[in-house]
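# Reading the structure
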Amino acid sequence: MPVKNWMKIYGITEGVLAFDESDRARSKSTKRIYKVYKQKHKGSGGYVNGQTIVLLLLVTSSITVPVGFFFYMPDPALKQWDKEDKRLKKSGIAKKDRPIKPERDSAYPTKTEIALGLLKEFKVAHSLIKIKGVLADALYGEKAFMDEAAKESGGSQVISQLRKNQNIEYRGRIRSVESYFNSINKGIEQTIRVRGGKEIKVTVSSARLKVSSHSKKRFVIALKYDGENDYRYLVATDLTWRTQDIIQAYTLRWLIEVFFEDWKLYEGWGREAKQLDEEGSSRGLILSLLFDHCLLLHPEQIARIESKLPAYTVGSLQRKSQMDVLLEFITSLLEFPDPGDKLKELGELIKDVFQLMPSGKHMIGRDLGRLEPTASLKYCSAG
């Protein structure tokens, strides 16, 4: 197994797990790509058909690597019911007269259910790896996920976020987390180290408070980076950690965004030919993730990490590998008795394999249309 190979090479015995999801736009008319659904396009504000991947990333003291994924899609029946329920509610139809919410189809688990499933699979496959913490954004900051994630990870710290309007209980009174930290427990300026690197100034306040929706006490932290106007609210399960340690652990979650950027830009997911159905989508996704794993086994990357030096980027390793292949090709070519003839032979093969295709973008060879006024229709423009 590739995962166990690099775990053995790098001596991985513990790490932090981070969850997040990523969307990939697909064709508007696709019908055969696995779990494609209509989703909001962040760039244009419109809608596109796309796939959503829930990803599990392992962050260790030496390397960061993907260790699990699952395709997410909303339950179509629930989605349709929700749309119709909102329409009827807007029309003034009483709740008792509206259709009852259907049960969720098990073929369409929620993102939190998917995340817990990935966590359980990781524990089974890598039982000797000690999970030091589990990180996820506000989508996963619900009681059921945080309690179950703490249990499945062997009691490790689980850190997520609360919404600003979520309620906490303080001295017998219920108030929003935003109200509590803005009026009662105001933040002070501190310095934290981000992902083990540079130090930055932040405004922080914290307290161990009962979160109403969780029905138990959590470690709640109000955090504001320099230049920000509003707090974000971290929530953690283990009350024995220090405030600074929770904040610095949560900064590791940003590494999953770095991975997504590399994955989409350099490692091929969603860029090559679209293969059909679940097997086709999984095959392309697995190959792109294996490419990330393979680069961890690049000799220069291994030497770099073993020397306790910063690891090389995916992009630079990819370019280096491409040049290595080119140099190897030139070297082997020069070993032939007549390199010129061999080069011509290879040139003909390249023409057959890499055929140039006609573009639909340029109008050459097609009628652009008549783009001028018609004299006999001038009367149409008369006032």
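Here's what I pulled together on the structure shown here. (Residues numbered from 1 in each chain as written. Predicted model: local features only at pLDDT ≥ 70, side-chain atom pairs only at ≥ 80, totals over all residues. Heavy atoms only, no water.)

### Points about the pairing of strand 10 (residues 199–211)
- Sheet analysis places strand 7 (residues 167–170) next to strand 10, joined by 2 bridges and oriented antiparallel. Directly across from isoleucine 168, in strand 10, lies its bridge partner valine 211.
- Of the pairings in the sheet, the one linking strand 9 (residues 188–193) to strand 10 comprises 6 bridges and is antiparallel in character. Note that in strand 10 the partner of isoleucine 192 across the bridge is isoleucine 200.
- Note that strand 10 and strand 11 (residues 216–225) share 10 bridges and pair antiparallel. What sits directly across from lysine 210, in strand 11, is lysine 217.
- Counted along the chain from strand 10 to the antiparallel partner strand 11, the turn is 4 residues long, and its residue serine 215 has a positive phi close to 55°. (Pairing = 2+ DSSP bridges. Helix = DSSP H or I, 4+ residues; strand = E, 2+ residues; numbered from the N terminus.)

### Notes on the pattern of salt bridges
- Using the criterion set out here, one finds 16 salt bridges in the structure.
- Of the charged contacts, one joins aspartate 20 and arginine 253 as a salt bridge, the two residues approaching to 3.2 Å between their closest N and O atoms. With aspartate 20 in strand 1 (residues 14–26) and arginine 253 in the loop between helix 6 (243–250) and helix 7 (255–266), this pair connects stretches of sequence that are 233 residues apart. The burial state of aspartate 20 is the same as that of arginine 253; both residues are buried.
- Aspartate 147 is the salt-bridge partner of lysine 143, the closest N and O atoms lying 3.1 Å from each other. Placement of the pair is lysine 143 and aspartate 147 together in helix 4 (residues 143–152), with a separation of 4 residues, close to one helical turn.
- Residue classification places lysine 143 among the partly exposed positions, given a relative accessible area of 31%.
- The class for aspartate 147 is partly exposed, based on a relative accessible area of 22%.
- Three or more residues are tied together by salt bridges with common partners; here these are Lys143, Asp147, Lys216 and Arg218. (Salt bridge = Lys/Arg side-chain N within 4 Å of Asp/Glu carboxyl O. Buried < 20%, exposed > 50% of the residue type's maximum accessible area, 1.4 Å probe, protein only.)

### With respect to the nonpolar core
- Phe19, Phe122, Phe145 and Phe181 are the most contacted members of the largest nonpolar core, which has 45 residues in total.
- At 6 residues, the largest contribution of residues to this core is made by helix 3 (residues 111–125).
- Filtering out sequence-adjacent residues up to four positions away, phenylalanine 181 remains in contact with Lys186, Ser205, Ser206, Ala207, Leu209, Val220, Ala222 and Tyr233.
- Tyr34, Ile192, Val202 and Ala236 belong to the second largest nonpolar core, which has 32 residues in total. (Core = buried A, V, L, I, M, F, W, Y, C linked by side-chain atoms within 4.5 Å. Contact = heavy atoms within 4.5 Å.)

### A few points about the packing of helix 10 (residues 314–334) against helix 11 (residues 339–353)
- At a minimum axis separation of 9 Å, helix 10 and helix 11 run at an interaxial angle of 130°. Our classification of the angle between helix 10 and helix 11 gives oblique. Residue-level inspection shows Phe329, Leu333 and Leu334 of helix 10 in contact with helix 11, the latter providing Pro339, Lys342, Leu343 and Leu346.
- Residue composition of the contact of helix 10 with helix 11, by class: 6 nonpolar, no polar and 1 charged. (Axes fitted to C-alpha atoms, helices over the stretch in contact; angles between N-to-C directions. Parallel < 35°, antiparallel > 145°, perpendicular 65-115°, else oblique. Nonpolar A, V, L, I, M, F, W, Y, C, P; charged D, E, K, R; others polar.)

### Re the packing of aromatic side chains
- On inspection of all chains with the given rule, the structure shows 9 aromatic pairs.
- A ring pair is formed by phenylalanine 19 and tyrosine 140, whose centres lie 6.3 Å apart and whose planes are at 25°; its orientation type is stacked. Taken together, the residues span a long stretch of sequence, with phenylalanine 19 in strand 1 and tyrosine 140 in the loop between strand 5 (130–135) and helix 4 at a distance of 121 residues.
- Given a relative accessible area of 0%, phenylalanine 19 falls into the buried group.
- Under the relative-accessibility criterion, tyrosine 140 is labelled buried at 0%.
- A ring pair is formed by tyrosine 180 and phenylalanine 181, whose centres lie 4.8 Å apart and whose planes are at 80°; its orientation type is edge-to-face. Residue tyrosine 180 shares its accessibility class with phenylalanine 181, and that shared class is buried.
- The ring of tyrosine 72 has lysine 111 sitting right over it, with the charged end atom 5.0 Å from the ring centre.
- In this arrangement the basic side chain of lysine 224 is found over the ring face of tyrosine 231, its NZ or CZ atom lying 4.5 Å from the centre. (Phe/Tyr/Trp six-rings, centres within 6.5 Å; stacked < 30°, edge-to-face > 60°. Lys NZ or Arg CZ within 6 Å of the ring centre and 35° of its normal.)

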